[in-house]
Every structure is written in C-alpha cells, then in structure tokens.
Amino acid sequence: MDLPKHNHEGKTSRRTFMQQSAMAGAGLALASPLQLFAQSAQDPQKSRNIKTRGYAAKDESGKLRPWEFERRPVGDDDILIDIKYASICHSDIHQMKGHWGQQQYPQVPGHEIVGVVAAIGKNVTKFKVGDRAGVGCMVDSCMECESCTHGEEHFCDRGETVFTYGYPMKSEPTGISQGGYSDKIVVRDHFAVHIPGHISFEEAAPLLCAGITTYSPLMNAQFKVGDQVGVAGIGGLGHMAVKLAVSKGAEVYAFTTSPDKVEDIKSWGAKEVIIVDEAFNNMQSYSKKLDYMICTIPYQFNAAPYISCVKPFGTFTYVGMPEGFELSYNNLALASSRVNLNASLIGGIPETQEVIHYCADNGIRPQIQVIKATEINSAWEKVVNKQARYRYVIDAATF
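Computed from a prediction, not measured in an experiment: that's the story for all the values here. (Residues numbered from 1 in each chain as written. Predicted model: local features only at pLDDT ≥ 70, side-chain atom pairs only at ≥ 80, totals over all residues. Heavy atoms only, no water.)

Caption draft 1: How the structure looks around the sheet that holds strand 11 (residues 251-256). Taken in spatial order, the 6 strands make up an open sheet running 12-11-10-13-14-15, and their pairing is parallel. Where the open sheet ends on each side, the last strands, each with one partner, are strand 12 (272-275) and strand 15 (340-343). Across this sheet, the average inter-strand angle for adjacent strands is 20 degrees, counted without regard to direction. Bridging between strand 10 (residues 228-232) and strand 13 (residues 290-295) involves 4 bridges; their strand directions are parallel. The partner of valine 231 across the bridge, within strand 13, is isoleucine 294. The strands touched by helix 4 (residues 210-221) are strand 10, strand 13 and strand 14 (310-318); relative to strand 13, the strand with the most contacts, the crossing angle is about 160 degrees. (Pairing = 2+ DSSP bridges. Helix = DSSP H or I, 4+ residues; strand = E, 2+ residues; numbered from the N terminus. Axes fitted to C-alpha atoms, helices over the stretch in contact; angles between N-to-C directions. Contact = heavy atoms within 4.5 Å.)

Written out as structure tokens, the structure is:
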C-alpha cells in the first residue's frame, strides 16, 4: 500500500513517503457529474468541485467517521468513477494510525477501488462513460522519466509518484489525495485500469493491491513449474500469493500462525500448511527446502526462521510493511545462509492491468466478505486481530 515524502533525489519509497504530510483545505462549489463530461479544468466558469461522501480518519485513533468533502473537477486527462466497492488493506490501518509517520487529517483511506466511469475529460481515449474501471495504490506521477514511461510509475525517477491517499496534491481541494472509502473519485486516466466483465466488482477490488503486490514479485521470481514456493502470512495478501503461485504450477508451502486457516489454505491447492509456533520448532524440518519465499507479514517479526527455509542462492521477498518499516535479522546468519533477500512494492499500471485479466481469465478470486460502511471500524479490529477471512470489501452504496 502508501505513503508521504517526496524524494526528488531518487525513487519514492514507502518509508520516505509516510514521513511527509500535507495541509488540508476547503472545497469550493458543487456540480453534478453529468455537467463535468468533457469539461476542461482550465475554465473556472465551467469547472466545479465534486461533492463526495466518504469515511475518514480524523486523528491517530484510526476511528473512521462519515465525512463530506470535495474532489477536484474532471480535468482534460481525468475520469470520474462512481465507486461501487472499495476493499480494506492493512496498509489503510497502518497509515491512518500514524504507524508510518505523522499524517494530515481528515484523511480517507482505500486503494482497492472499483466502479463505473461517470465522466471523462476531453483528452481521454482510454475510457468511455459506462466502462468498468479500477484504481489501485497510485493516482499520478511525472509520466516522463524512464520508470514512468516503462510501466514502473510507482518508482518515478523524479520522486513524483502520487499515492492514492495522504499524499500532497495541490489540485485537490483538501490538499492531499483522498482514497476510495468514498462514493466517487477523480483520477488521471492513465492510473485507472479496465475491469473485465467476467469478474465481479467485489472480487476485482482486492486485486488492485493484494493482487498486484503479490503477483509482481512472484512473476519476477521466475520460478519453474514444480518449484517449491513458500508463502509466509496468510491474510489478504498471503492468500492471494498462495492462489497465484499454485496457478503458476508451484508446489506451495504456507506458513501461518492461525490453525483455523489450514483447511482454507489446503482448498486453494497448497501442498503443505505449517502452523508456526512461538519457538519456531516445527520450521526446522523445512530448513533449506524452498526455492523461493514471499513474506506478507505486516508486523515486526523474527525473520530468521523463515529465511532459513530457503535454499542457498534462493530468494526471500518481503512485501509486508510493518510499523516503522524495519526488518531485523542477523547479518552473519544471512551471509551464511547465502539467501538473496529483497523487498517489493506493488507494481506498475501495465502489470496491474495484467493481473486483473489473469485472475479474471483463470478463475482466481480472492476470498471476500462484503460489509457496509458502518462496519468498517469493527472490520479493522478483526484485521488487526487476524480474524479477517480474507478481504473485507465495502459496499460504496452505504457511504
């Protein structure tokens, strides 16, 4: 998920992004979405801010409350999406509670967003009104640098990636980008993806973060059919990692601290499910067994027992983002293991579109529970307490 500080000397990272905040501002006037079709944001007589309903955090308590705010008008290169569903990512919780740095409030979280295009700017050719569309973890970038022009907009070389919520954004009336726990969103057309008709909105939403965040490193790992792949942490991201790895022919070993998830995980095609105890005793028999491991654990944890399960010269990829972003390990032990350790951050727009189509075409669906907006706070508590099974999806009609 996503983040404050604008680093103009290099790539935007989650850590630096979360340390920068922005001022919230007031909105201006209201307008019907129908009035915004093909309007230019350069004409103040025709352009009007868009009244929006959502749920926002007002402080670091992380308690969300109804909030009415305004989004920018639909610009020449923008589309307006009437949101149908937005799903809950653990990143939403981390950021709203200030785990990744000081925040500006009110702030609307949510970066797994799907809906219907209601209006388009005059330059837009990628979408037409009525199309099914989705928005993930970012909404803008410079669109000119090497990374941005090669499908890696999340690694903008100028540090101008704008993530979906909490990021400084002068064009927005509130001064920061506001996320998908709301009934509509205005976004630059490049940063929206098409949602094919053979996957439901509800099931497509989690693919915009949980799907791409696991798909990208799994594809980059280039494991072969029959390779032994480990997945550590079987929550919103981890359960997608299991399903994707199985679909690509891997022999999957799932590591979880929740015994009640075993049958679910087996039903997704995992070869083995390992219940991790506090002493990690039952992990010793898996020492140097795996060709690759992806770890989605979103908390501080002892990484060494997991890393030790990977074969020499195999790779351990960490996609979880714990409080403080820190991962502790013994460097001598890591050197002795000869395991390659890396991390991964979502994926670019082309790869995000790719995973949407891949899952739609191959029947890969997240396990979801649809909730009303009034249930968000209780759902967040269940996510923190490892009770989610496995992705909560908010019905935007209830905002």
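Caption draft 2: Structural view of the packing of aromatic side chains. The tally for this structure, following the rule as stated, stands at 11 aromatic pairs. Ring centres of phenylalanine 255 and tyrosine 286 lie 6.1 Å apart, and the angle between their planes is 80 degrees; on these two criteria the pair is classed as edge-to-face. Residue phenylalanine 255 is found in strand 11, and its partner tyrosine 286 is found in the loop between strand 12 and strand 13; the two are separated by 31 residues along the sequence. Across the pair, exposure class does not vary: phenylalanine 255 and tyrosine 286 are buried alike. An angle of 75 degrees between the planes, with centres 6.2 Å apart, marks the rings of phenylalanine 280 and tyrosine 306 as edge-to-face. Placement of phenylalanine 280 in the loop between strand 12 and strand 13 and of tyrosine 306 in helix 7 (residues 304-307) is noted, with a sequence separation of 26 residues between them. What links up through ring pairs into an aromatic cluster is the set Tyr253, Phe255, Phe280, Tyr286, Phe301, Tyr306 and Tyr318. Here the basic side chain of arginine 132 rests over the ring of phenylalanine 201, its NZ or CZ set 4.2 Å away from the ring centre. The residue whose ring lies beneath arginine 389 is tyrosine 390, and the NZ or CZ to ring-centre distance is 5.7 Å. (Phe/Tyr/Trp six-rings, centres within 6.5 Å; stacked < 30°, edge-to-face > 60°. Buried < 20%, exposed > 50% of the residue type's maximum accessible area, 1.4 Å probe, protein only. Lys NZ or Arg CZ within 6 Å of the ring centre and 35° of its normal.)

Caption draft 3: Looking closely at helix 10 (residues 376-384). Inspection of helix 10 places Ile376, Ala379, Trp380 and Val383 among the buried residues, and these make up the whole buried set. The buried residues of helix 10 occupy an angular sector of 105 degrees when projected down its axis, which confines them to one face. The inward-facing, buried residues of helix 10 contact strand 1 (50-57), strand 2 (64-71), helix 2 (90-96), strand 16 (368-371) and strand 17 (391-395). At the C-terminal side of helix 10, lysine 386 shows a positive phi close to 65 degrees. (Arc of directions from axis to C-beta.)

Caption draft 4: How the structure looks around the pattern of salt bridges. Scanning all chains against the criterion turns up 14 salt bridges. With its nearest N and O atoms 3.4 Å apart, the salt bridge here joins glutamate 68 to lysine 51. Taken together, the residues span a long stretch of sequence, with glutamate 68 in strand 2 and lysine 51 in strand 1 at a distance of 17 residues. Lysine 51 sits in the partly exposed class, given a relative accessible area of 40%. Bridged by salt links that share partners, the residues Arg53, Asp183 and Lys184 form one connected network. (Salt bridge = Lys/Arg side-chain N within 4 Å of Asp/Glu carboxyl O.)

Caption draft 5: Geometry of the environment of serine 336. Residue position: serine 336 is located in helix 8 (residues 331-337). Under the relative-accessibility criterion, serine 336 is labelled exposed at 51%. Considered as a pair, serine 336 and proline 312 are 24 residues apart in the sequence and their alpha carbons are 8.9 Å apart.

Caption draft 6: How the structure looks around helix 4. Under the 1.5 Å per step criterion, the end-to-end length of helix 4 is 17 Å for 12 residues, consistent within 8% with the ideal 16 Å. For helix 4, the buried fraction is high: 9 of the 12 residues fall into the buried class. Tucked into the core, helix 4 has its buried residues touching strand 10, helix 5 (236-247), strand 13, strand 14, helix 9 (349-362) and strand 17. Positive backbone phi, approximately 50 degrees, marks glutamine 222, located one or two places after helix 4. (Expected span 1.5 Å × (residues − 1).)

Caption draft 7: Examining the pairing of strand 11 more closely. Among the 6 residues that make up strand 11, 5 are buried, leaving the element largely enclosed by the rest of the structure. Bridge count between strand 10 and strand 11: 5 bridges; the pairing is parallel. Bridging from a neighbouring strand, alanine 232 pairs with phenylalanine 255 of strand 11. As for the winding sense of the linkage, the β-α-β connection from strand 10 through helix 5 to strand 11 is right-handed. As judged from the 4 bridges shared by strand 11 and strand 12, these two strands associate in the parallel manner. Across the sheet, the residue bridging to tyrosine 253 is glutamate 272, located in strand 12. (Right-handed = clockwise from strand over helix to strand, strands pointing away.)

Caption draft 8: Structural view of the packing of helix 4 against helix 9. Viewed as axis vectors pointing N to C, helix 4 and helix 9 meet at an angle of 100 degrees, and their least axial separation amounts to 10 Å. As far as their axial angle goes, helix 9 and helix 4 are roughly perpendicular. Together, Gly211, Ile212, Tyr215, Ser216 and Met219 of helix 4 and Glu351, Thr352, Glu354, Val355 and Tyr358 of helix 9 make up the contact between the two elements. Here the contact of helix 4 with helix 9 is built from residues that sort into 5 nonpolar, 3 polar and 2 charged. (Parallel < 35°, antiparallel > 145°, perpendicular 65-115°, else oblique. Nonpolar A, V, L, I, M, F, W, Y, C, P; charged D, E, K, R; others polar.)

Caption draft 9: How the structure looks around empty space enclosed by the protein. Counted as a void, the largest cavity has a volume near 70 Å³. Put simply, the parts of the chain that give the lining of the largest cavity at least two residues each are strand 5 (132-135) and helix 9. Considering only residue class, the lining of the largest cavity consists of 9 nonpolar, 4 polar and no charged. Forming the boundary of the second largest cavity are Arg71, Arg72, Val139, Thr164, Met169, Glu172, Ser177, Gln178, Ile185 and Val186. Grouping the amino acids of the lining of the second largest cavity by side-chain chemistry returns 4 nonpolar, 3 polar and 3 charged. (1 Å grid on protein atoms, 1.4 Å probe; cavity = no way out; pocket = protein on both sides within 12 Å on 5 of 7 lines; lining within 4 Å. Points joined across faces, edges and corners; volume = space filled by probe spheres on them.)

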